[in-house]
Amino acid sequence: MTDSTLLVRTGTETEIAPGVFVLPDRRVNLVPNIGVVLGDEAALVVDTGMGPANGDVVLAEARRLAGSRRLLLTVTHFHPEHGYGASRFVDAARIVYNRRQAVELAESGEEFLELFRTFGPEVAAALEGVELMQPHDTYDGTTELDLGGRAVTLREEGGAHTAGDQVVIVDDAGVLFAGDLVENRFFPIVFGDVADGSAWIETLGRLERIGASIVVPGHGEVGGPELIEAFRSYLIDVRDSVTEHVASGEDVERIAAELGPEVRERYADWDNPEWVDFAIRNFHRTLAS
Ligand SMILES: [Zn+2]
């Protein structure tokens, strides 16, 4: 694991706003952007990377940046690359998730662990020794964490990518950690029974209204509000295209076969084009019923 591409790299943080750091994903699949937010007394870590080795790296990096501050950990959603290093934080940090995310982890965590283990030996190695950790604290709706001279808001935005999606808002710095609700030039993962493209469009409207000037996507380079707008436009584009095809009576296989290549062409510089068909099928499921 020590030379795995899936391992978060040490010493690579950028300070995107005063006291707000991101360990970048380097556009490597299954490596998320990780945040460390410093207050006067406490530091909040956002996401852990996938598996215990990443948890160790992220904890060490957080301690280096935080100095003597006490640590808090939150996770943007329950997916393995975002939260499955949390066991390493259990004695080092207070762990806070929204309640729906905690329930989703309890209900679907093992299933995702098994699924991800089928993604190849490097992913399986990264997941070796994973312990799924429930948080110390949960909340419903929103909660505010006082880091000392800086308040950070955790806000539930579930039902778009996963049931327990959460965003992290650093108000005084205009920073939004969006998790996988926003990616930079990666197609959104509208996967499984819970993900909902139409709800996702609504969610992105709410995220725009937060008015953050710096947006940290789950994957891809840090940017501004244009990242939210690009993601929203993409989902609206797919939804409207699926609507037209449904109106002309085509079945889902035909729609995916026709529309998939067109969409991939329109977003040629976005990565992971295999997710386009999932988005088409997700919109079809709701629009054709
Ligand atoms: Zn995800």
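Residues numbered from 1 in each chain as written. Predicted model: local features only at pLDDT ≥ 70, side-chain atom pairs only at ≥ 80, totals over all residues. Heavy atoms only, no water.

(A) Region of interest: the coordination of the zinc ion. For the zinc ion, the full set of protein donor atoms is H77 (NE2), H79 (ND1), H161 (NE2) and D180 (OD), and the range of their distances to it is 2.2 to 2.3 Å. Given four donor atoms and angles of 87 to 168° at the metal, the environment of the zinc ion is assigned as irregular. Donor residues for the zinc ion sit on one chain with the sequence pattern H-x1-H-x81-H-x18-D. Pair noted here: H77 is in the loop between β5 (70–74) and α2 (80–83) and H161 is in the loop between β9 (151–156) and β10 (166–170), with a separation of 84 residues, a long-range link. For the pair H77 and H161, a shared accessibility class is recorded, and that class is buried. (Donors = N, O, S within 2.8 Å, 3.2 Å for Na, K, Ca; no water. Tetrahedral: all angles 85-135°; square planar, octahedral: opposite > 155°, others 65-115°. Helix = DSSP H or I, 4+ residues; strand = E, 2+ residues; numbered from the N terminus. Buried < 20%, exposed > 50% of the residue type's maximum accessible area, 1.4 Å probe, protein only.)

(B) Fine view of a negative patch on the surface. On the surface, D40, E41, E144, D146 and D171 cluster together into a negatively charged patch. Along the chain, D171 turns up in the loop between β10 and β11 (175–179). Judged by its relative accessible area of 57%, D171 is exposed. (Patch = residues over 30% accessible without salt bridge, like charges linked within 9 Å, V, L, I, M, F, W, Y side chains within 5 Å. Areas by Shrake-Rupley, 256 points an atom, 1.4 Å probe, with all protein chains shown as cover. Salt bridge = Lys/Arg side-chain N within 4 Å of Asp/Glu carboxyl O. Lys, Arg positive; Asp, Glu negative; His and termini not counted. Charge placed at Lys NZ, Arg CZ, Asp CG, Glu CD.)

(C) Geometry of the packing of helix α6 (residues 226–247) against helix α8 (residues 275–287). Taken N-terminus to C-terminus, the directions of α6 and α8 make an angle of 55°; their axes are 9 Å apart at the nearest point. Judged by the angle between their axes, α6 and α8 are oblique. Every pair of crossing elements has a handedness; the one defined by α6 and α8 is right-handed. Of α8, the residues touching α6 (which contributes Y234, L235, V238, R239, V242, T243 and V246) are V276, A279, I280, F283, H284 and L287. Taken together, the residues of the contact of α6 with α8 sort by class into 10 nonpolar, two polar and one charged. (Axes fitted to C-alpha atoms, helices over the stretch in contact; angles between N-to-C directions. Parallel < 35°, antiparallel > 145°, perpendicular 65-115°, else oblique. Left-handed = near helix turned anticlockwise from the far one by under 90°. Contact = heavy atoms within 4.5 Å. Nonpolar A, V, L, I, M, F, W, Y, C, P; charged D, E, K, R; others polar.)

(D) Region of interest: the pairing of β5. Of all five residues in β5, four are buried, a share of seventy percent or more. At this point the chain moves from strand β4 (residues 42–46), through helix α1 (residues 52–66), to the parallel β5, and the crossover so formed is right-handed. When β5 meets strand β6 (residues 93–98), the two strands line up parallel, connected through three bridges. Residue pairing for β6: L72 is matched across the bridge by R94. (Right-handed = clockwise from strand over helix to strand, strands pointing away. Pairing = 2+ DSSP bridges.)

(E) Inspection of the packing of aromatic side chains at higher detail. By the definition in use, this model includes 15 aromatic pairs. For the ring pair F187 and Y267, a centre distance of 6.3 Å and an interplane angle of 70° mean the geometry is edge-to-face. Residue F187 is located in the loop between β11 and α5 (197–210), and its partner Y267 is located in the loop between α7 (252–266) and α8; the two are separated by 80 residues in the primary sequence. Accessibility expressed as a relative area gives 1% for F187, which makes it buried. Accessibility expressed as a relative area gives 14% for Y267, which makes it buried. An angle of 50° between the planes, with centres 5.4 Å apart, marks the rings of F187 and W270 as tilted. In this pair, F187 is assigned in the loop between β11 and α5 and W270 in the loop between α7 and α8, connecting sequence segments 83 residues apart. Judged on exposure class, the residue F187 and its partner W270 are both buried. These aromatic residues form a ring-pair network of at least three members: F78, F112, F116, F119, F191, W275 and F278. (Phe/Tyr/Trp six-rings, centres within 6.5 Å; stacked < 30°, edge-to-face > 60°.)

(F) Region of the structure containing the sheet that holds strand β12 (residues 214–217). Pairing is mixed in the open sheet, where five strands are placed in the order β8-β9-β10-β11-β12. Of all strands in the sheet, those bounded by a partner on one side alone are β8 (142–146) and β12. This sheet shows a mean twist of 20° between the axes of neighbouring strands, independent of strand direction. Of the strand pairs in this sheet, β9 and β10 are connected by five bridges, and their pairing is antiparallel. If you follow R155 over to β10, its bridge partner there is V167.

(G) Quick look at α8. End to end, α8 covers 18 Å across 13 residues, agreeing with the expected 18 Å (1.5 Å per residue, within 8%). Contact partners of the buried residues in α8: α5, α6 and α7. (Expected span 1.5 Å × (residues − 1).)

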